[in-house]
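Structural features, examined
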Amino acid sequence: MAEIGTEGVKVVSPKFAPRPTGWVVFLRTFLPWQLFRFVWINLKMIHMIRLSHGGVLPGERKH
Amino acid sequence: MGRVVVLGAGVSGHTAAAFLKKWLGHSHDVVVVSPKEKYNWIPSNIWVGVGCMKPAQVEFPIKPVYDKFGIEFHQARAVAIHPEGSADHDKPFVEIEYTEPSRDGERARLAYDHLINATGPKLNFGATKGLGPEGHSHSVCTTEHAVACRDAVHEAIGRMKKGERQRFLVGTGHGLCTCQGAAFEYVTNLEFVLRKHGVRDKAEITWLSNEYCLGDFGMGGIYIKRGGYITHSRIFTESLFAERGLNWIFRAHVNEVCEDRVLFETLDGTDHEEEFDVAMLLPPFAGVGLKAHDRKGGDITERLFAPNGFMKVDADYSAKPYEEWKASDWPRYYVNPEYSNLYAVGIAFAPPHPISQPRKSPRGTPIFATPPRTGMPSAMMGKAVASNIANAMLGRKKSPHAASMARMGAGCVASAGAGLFNGTAAAMTVYPVVPDFDAYPEYGRDLSHTFGEIGLAGHWVKVILHYMFMHKAQGKPGWTLIPE
């Protein structure tokens with residue numbers, strides 16, 4: 001099926017989709033950078049878990 | 001001495017039961033009813049389905065864990081709830097039917113003071129002709145399904161090694177499916193595994209989904225700040241698919257799965273078909289078919305359950321158009337409005353409405369992603385309800401613990417290939433899960449706590465989470481320190 005890109009039609013090898021640059025792909029498995037991202041992702045997740053356990057949005061009062 | 005009965009030993013039910021026993025101690029009984037002998041950490045089934053993990057790594061026998069906790073376990077399925085008791089039974093009770101081989105088919109009544117319905121879903125393969133392991137497609141919803149799927153993939157790899165081309169179809173098998181995230185993980189892991197086996201050039205992989213756009217995931221997608229832009233998760237997902245050479249079909253409702261092709265309708269009302277050699281298509285979910293009866297034996301199922309079989313809780317179920325949906329429609333305490341000692345958590349509670357905008361084809365076929373209620377939110381609901389029940393039973397006058405999906409976030413790490421140094425995963429946080437356009441008028445979510453990125457670090461997080469949650473579920477030392 002050819003690329004059409006309208007709804008419900010199979011999209012094959014799309015030319016419109018953004019693709020990562022070689023640098024971005026390299027960084028995805030570059031250990032020093034990924035070690036830093038590992039720490040950062042964990043901090044983001046811990047913060048989000050703490051917010052979630054509050055049961056209210058930031059600045060909102062508990063009932 | 002009081003008694004809490006928990007129906008289901010999945011993420012939400014198991015979390016609720018474990019915390020209830022911890023908080024109630026020996027002063028009250030906690031009983032779990034589950035039709036399965038083993039606990040299954042379902043998020044890792046996708047790795048079993050491609051052969052990166054063995055079944056024993058994602059499941060374990062549950063009874064020894066409950067024996068250790070001091071929880072009574074019945075390997076049985078719940079049949080009916082009698083929230084007012086019956087003429088010959090004063091207390092509320094639940095009727096169960098044993099699935100344990102030595103008592104198979106035997107029925108019993110379990111009286112309760114509080115009942116948590118955490119049965120999870122019925123995998124509704126019957127909604128689409130030919131869908132599922134008994135038809136012509138595979139699934140990764142259970143360990144057994146994932147093993148069968150893995151075997152089919154390995155057979156296909158064998159054929160590709162002999163020079164044959166193979167077509168893989170991955171996604172959703174009905175217009176009202178949820179859990180697109182799991183299918184997304186499966187398709188990217190499948191592509192990764194085919195590369196690892198050196199047969200990627202022989203494979204055509206196609207994603208088929210009921211989502212309005214890629215990256216919807218049943219949450220209307222998410223917006224993230226990236227590279228100086230605020231972009232929708234569609235960009236993120238399309239980029240990954242384009243990079244991996246995956247084809248995609250979206251806005252699709254599968255009408256039938258035949259031996260070598262699916263017949264589907266799209267949102268514009270047109271019919272299509274797609275051929276495959278191996279298909280992994282997730283089923284839609286429905287309630288498990290629990291019945292409910294009043295004291296006189298009258299059927300009150302429709303009062304307690306929504307038409308899709310999920311239990312009604314403290315949500316606003318009034319029918320209203322998409323434009324009028326509010327975050328406050330979503331339940332906070334997961335308690336049934338008619339019976340204050342009856343709760344439903346995880347997939348078992350009836351959501352007030354979807355999160356993604358509902359759409360219908362010109363023929364009236366609903367085609368949109370239904371809301372996810374799994375993983376972290378599911379465990380948090382279980383813990384909140386356990387906390388409220390424990391406080392009530394211990395006579396503590398504390399404010400009830402709320403766990404609205406419109407007030408909690410979710411951390412989602414979607415594997416995109418398993419490898420210690422070459423694996424990747426999309427790590428995402430969403431806050432809140434249900435968008436609140438009153439609090440965040442533009443995007444419905446707090447963009448400072450909503451992010452996503454792909455990389456090896458995400459894969460490490462995913463692996464660590466797997467072992468942490470298996471450790472926690474087995475009640476090993478320090479399990480309470482691991483967050484939901």
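Bear in mind that the values here come from a model prediction, so they are computed numbers and not experimental data. (Residues numbered from 1 in each chain as written. Chains lettered and ligands numbered in written order. Predicted model: local features only at pLDDT ≥ 70, side-chain atom pairs only at ≥ 80, totals over all residues.)

**Description of the overall build of chain B**
So the rule is basically this: A run of H or I in DSSP counts as a helix once it spans at least four residues, and a run of E counts as a strand once it spans at least two, with each numbered from the N terminus. Our radius of gyration is a C-alpha quantity, and the globule rule it is checked against amounts to 2.2 Å times the number of residues to the power 0.38. Put plainly, a residue is buried at 20 or more neighbouring C-beta atoms within 10 Å of its own, exposed at 12 or fewer, and partly exposed in between, counting only other residues' C-beta atoms, which are placed from the backbone. Contact between residues is assigned whenever the C-beta positions, reconstructed from backbone atoms, fall within 7 Å.
Along chain B, the regular secondary structure elements total 10 helices and 24 strands. Its C-alpha atoms give chain B a radius of gyration of 22 Å, near enough to 23 Å, the size a compact globule of 484 residues would have. In terms of principal-axis extent, the alpha carbons of chain B reach across some 65 × 55 × 45 Å. Buried residues in chain B amount to 57% of all 484 residues. Taking the contacts inside chain B whose residues are at least 6 apart along the sequence as the reference set, 68% of them involve residues at least 24 apart.

**Brief notes about the overall build of chain A**
Of regular secondary structure, chain A possesses 2 helices and 0 strands. Out of the 63 residues belonging to chain A, those deemed buried represent 22%.

**Observations concerning unusual backbone geometry**
Residues and elements named next belong to chain B. With an omega of -10°, the peptide bond between Tyr431 and Pro432 qualifies as cis. With respect to the helices and strands, the residue Pro432 is situated in the loop between strand 23 (425–430) and strand 24 (451–455). Backbone geometry places Cys179, a non-glycine residue, at a positive phi of 60°. By the secondary structure assignment, Cys179 is in the loop between strand 10 (166–172) and helix 6 (180–196). Even without glycine at this site, Tyr334 takes up a positive phi of about 60°. Its location among the elements puts Tyr334 in the loop between helix 8 (301–304) and strand 21 (342–344).

**Points about the nonpolar core**
The line we're drawing: We define a nonpolar core as a collection of buried residues of the types Ala, Val, Leu, Ile, Met, Phe, Trp, Tyr and Cys that are connected via C-beta atoms lying within 7 Å of each other.
Grouped together as the largest cluster of nonpolar side chains are 168 residues, with contacts concentrated most on B:Val6 and B:Val345. Those residues in contact with B:Val345 that lie beyond four places of it in its chain are B:Ser12, B:Ala16, B:Ile116, B:Ala118, B:Tyr334, B:Ser378, B:Met381, B:Gly382 and B:Val385.

**Focus on the pairing of strand 16 (residues 261–266) of chain B**
Residues and elements named next belong to chain B. Here is the rule: Pairing between strands is defined by DSSP: at least two bridges between the two strands are required.
As paired elements, strand 15 (residues 252–257) and strand 16 share 5 bridges and run antiparallel to each other. Counted as the bridge partner of His253 is Glu265 from strand 16. The sheet contact formed by strand 16 and strand 17 (residues 271–275) spans 5 bridges and is antiparallel. Looking at the pairing, Glu265 lines up with Asp271 of strand 17. Linking strand 16 to strand 17, which pair antiparallel, is a turn of 4 residues; within it Gly269 sits at a positive phi near 90°.

**Looking at the sheet that holds strand 24 of chain B**
Residues and elements named next belong to chain B. Which entries qualify depends on this criterion: For every element, the axis is a line fit to its C-alpha atoms; helices are fit only across the contacting stretch, and the angle between N-to-C directions ranges from 0 to 180 degrees.
With respect to topology, 3 strands assemble into an open sheet ordered 22-23-24, the strand pairing being antiparallel. The strands lining the two open edges of the sheet, one partner per strand, are strand 22 (410–415) and strand 24. Direction aside, neighbouring strands of the sheet carry axes that sit 10° apart on average. The pairing of strand 23 with strand 24 spans 5 bridges and is antiparallel. When the sheet's bridge partners are listed, Ala427 is paired in strand 24 with Glu453.

**Digging into helix 6 of chain B**
What counts, and what does not: Given a helix with a known number of residues, its expected span is that number minus one, times 1.5 Å.
In a regular helix each residue adds 1.5 Å, so 17 residues correspond to 24 Å; helix 6 of chain B covers 24 Å between its end C-alpha atoms and thus fits that length. Burial runs high along helix 6 of chain B: 15 of the 17 residues are buried.

**Examining the interface of chain B and chain A**
Put simply, the test is: Three categories are distinguished: nonpolar for Ala, Val, Leu, Ile, Met, Phe, Trp, Tyr, Cys and Pro, charged for Asp, Glu, Lys and Arg, and polar for the others, with Gly belonging to the last.
Each side of the interface is counted separately: chain B has 44 residues, and chain A has 27 residues. Looking at the side of chain B that touches chain A, the elements that each hand over two or more residues are helix 7 (233–244), strand 14 (247–249), strand 17, strand 23, strand 24 and helix 10 (456–473) of chain B. Here the residues of the side of chain B that touches chain A sort into 21 nonpolar, 16 polar and 7 charged.

**A few points about helix 9 (residues 375–393) of chain B**
Between the first and last C-alpha of helix 9 of chain B there are 27 Å, a value that for 19 residues agrees with the 27 Å anticipated at 1.5 Å per step. Positive phi shows up at B:Gly395, right after helix 9 of chain B, with a value of about 70°.

**A few points about the packing of helix 1 (residues 11–24) of chain B against helix 9 of chain B**
Residue and element names in this part refer to chain B. Defined as follows: Should an angle lie under 35 degrees it is considered roughly parallel, over 145 roughly antiparallel, and from 65 to 115 roughly perpendicular; all remaining angles are considered oblique. Crossing chirality is assigned from the near helix's rotation relative to the far helix, an anticlockwise turn below a right angle marking it left-handed and a clockwise turn marking it right-handed.
Here helix 1 crosses helix 9 at 30°, and the two axes come no closer than 8 Å. Put simply, helix 1 runs roughly parallel to helix 9. Crossing handedness for the pair helix 1 and helix 9: right-handed. Along the contact surface, helix 1 presents Val11, Ser12, Gly13, Thr15, Ala16, Phe19, Leu20, Trp23 and Leu24, while helix 9 presents Gly375, Ser378, Ala379, Met381, Gly382, Lys383, Val385, Ala386, Ile389, Ala390 and Met393. Looking at side-chain class alone, the contact of helix 1 with helix 9 contains 13 nonpolar, 6 polar and 1 charged residues.

**Brief notes about the sheet that holds strand 10 of chain B**
Residue and element names in this part refer to chain B. Overall, parallel pairing links the 4 strands, which are arranged 14-11-10-18 in an open sheet. The sheet terminates laterally at strand 14 and strand 18 (278–282), the two strands that pair on one side only. Neighbour to neighbour, the strand axes of the sheet diverge by 15° on average, direction disregarded.

**What to know about the confidence of the model for chain B**
Selection criterion: Confidence scores per residue from the predictor, reported as pLDDT, run from 0 to 100.
Summarising the model, chain B shows a mean pLDDT of 94, and 100% of its residues fall at 70 or more. This complex was scored by the predictor with a pTM of 0.93 and an ipTM of 0.84.

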